[in-house]
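# Overview (structure and organization)
So the chains spell out like this:
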Amino acid sequence: MSPSRSAFTVTHIGGPTAILEIAGLRILIDPAFDQPKKYPSGLEKTLAPAFGTEGIGAIDLVLLSHDQHDDNLDDSGRELLGEVPLVLSTPGARRRLGAHVTGLESWASREVKAPGGSAVKITAVPALHGPDGVDRGEDGEVTGFVISGTGVPTTYVSGDNASVRVAKEVGDRIKAEIGPIDTAVLFAGAARTPAILDNAPLTLTSEDAALVAKDLDPRKVVPLHTDSWNIYSEDVESLVKAFEAQGVAGRLVDLKPAGEVKDLG
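Predicted, not measured: the structure shown is a model, and the values here were computed from it.

Definitions and cut-offs
Counting restarts for each chain: residues are numbered from 1 in the order of the written sequence. Under the rules for a predicted model, residues below a pLDDT of 70 receive no local features and side-chain atom pairs below 80 are neither given nor counted, while totals for whole chains, interfaces and linings still include all residues. Derived side-chain values reflect all non-hydrogen atoms in the structure, with water molecules and hydrogen atoms excluded from consideration. To qualify as a helix, a DSSP run of H or I must reach at least 4 residues; to qualify as a strand, a run of E must reach at least 2; elements of each kind are numbered from the N terminus. Scored from 0 to 100, pLDDT records how confident the predictor is in each individual residue. When checking whether two residues touch, look at their non-hydrogen atoms; a contact exists if any pair is within 4.5 Å. The buried label goes to any residue with under 20% of its type's maximum accessible area, the exposed label to any with over 50%, and the partly exposed label to all in between, with areas taken from a 1.4 Å probe on protein chains only. His is not counted, nor are the chain ends; Lys and Arg add positive charge and Asp and Glu add negative charge. Definition used for salt bridges: Asp or Glu carboxyl oxygen within 4 Å of a side-chain nitrogen of Lys or Arg. The definition of a polar contact used here is a pair of N or O atoms within 3.5 Å, where within protein one atom must be able to donate a hydrogen and the other to accept one, and adjacent residues in sequence count solely through side-chain atom pairs. Should DSSP find at least two bridges between two strands, the strands are taken to pair.

## Quick notes on unusual backbone geometry
Each neighbour pair has its own omega, and for lysine 256 with proline 257 the value is -5°, a cis peptide bond. Assignment of secondary structure puts proline 257 in the loop between helix H5 (236-245) and strand S15 (261-263). Phi is positive for leucine 197, close to 55°, though the residue is something other than glycine. Mapped onto the fold, leucine 197 is located in the loop between strand S13 (183-187) and helix H4 (206-216).

Here it is as structure tokens:
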């Protein structure tokens with residue numbers, strides 16, 4: 001893949017895994033590149049990625065929402081992390097994965113130099129991996145991110161957040177401190193497992209994702225985390241219906257077919 005340094009694009013690889021090209025940087029979100037298989041955790045990958053790690057090209061940094069669950073970081077993704085110049089994630093991920101991971105507390109930032117010398121700011125933001133009022137401890141530690149900077153389209157990456165309230169609080173602070181949100185990358189799919197919180201959704205339901213999109217009011221919405229794994233209970237078709245019901249379907253980016261570069265400009 002040969003990126004253009006002025007492009008603003010997304011390439012969906014499968015599940016939450018995508019390449020975001022912005023401000024001359026190529027950013028990999030939640031790397032999961034294994035072929036379909038079952039994991040000791042009980043998770044099962046049901047669809048192959050659009051391509052493997054050999055097809056991703058040069059990556060400047062990884063935004064890793066969390067490392068505890070296979071659908072966000074699988075075996076191939078773990079092997080890849082050591083080859084990437086910068087990995088941003090949670091403090092817990094740094095403890096578990098090692099010093100090549102930079103762990104950010106919520107609202108802490110890291111500046112990254114883009115080609116040409118401009119500064120891109122990556123800010124970790126809160127995310128709740130389950131219903132409001134529930135603390136899952138270390139297993140639920142997860143982060144979202146905001147990408148911003150002069151001339152950079154402000155982009156919110158929700159991570160495995162299930163809370164409309166948390167997304168609204170994050171959106172309100174982004175708007176107050178940075179400005180309007182250009183693009184929201186929302187992890188949906190209403191992930192569920194009977195072993196956790198009686199099958200409660202651990203990521204945004206389709207209906208809640210549409211409510212978040214309406215509240216944040218971004219120009220574009222990139223829907224991730226709706227396919228390729230057995231724990232996602234809602235798919236992209238239900239997401240489209242929910243967005244139509246809220247009158248925001250025109251903002252959804254059609255990511256099909258997986259592996260194809262989609263222009264966000």
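That shown, we press on.
## Examining the confidence of the model for the chain
Per-residue confidence for the chain averages 95 on the pLDDT scale, and 98% of its residues sit at or above 70. Counting contacts from residues 1-5, a segment whose pLDDT is below 50, to residues more than four positions away or on other chains yields 15 contacts.

## Concerning the side chain of aspartate 30
Its place among the elements puts aspartate 30 in the loop between strand S3 (25-29) and strand S4 (37-38). The buried charged residue aspartate 30 lacks any salt bridge partner; its closest oppositely charged side chain belongs to arginine 78, at an N-O distance of 11 Å. Within the structure, aspartate 30 has its side chain in polar contact with the backbone nitrogen of serine 65 (distance 2.7 Å). If sequence neighbours within four positions are ignored, aspartate 30 has contacts with Pro16, Thr17, Leu63, Leu64, Ser65, His66, Asn72 and Phe187.

## Let's talk about the pairing of strand S11 (residues 143-148)
A regular strand places its side chains on the two faces of the sheet in alternate fashion. Of all six residues making up S11, six are buried, and the element is well covered by its neighbours. A two-sided burial pattern is seen for S11, the buried positions comprising Thr143, Phe145 and Ile147 on one face and Gly144, Val146 and Ser148 on the other. Across six bridges, strand S10 (residues 119-126) lies against S11 in antiparallel orientation. Note on S11: the bridge partner recorded for proline 126 is threonine 143. As paired elements, S11 and strand S12 (residues 155-157) share three bridges and run antiparallel to each other. Opposite valine 146, over in S12, you have tyrosine 156 as the bridge partner. In this antiparallel pair of consecutive strands, S11 and S12, the connection spans six residues, and glycine 149 shows a positive phi of 150°.

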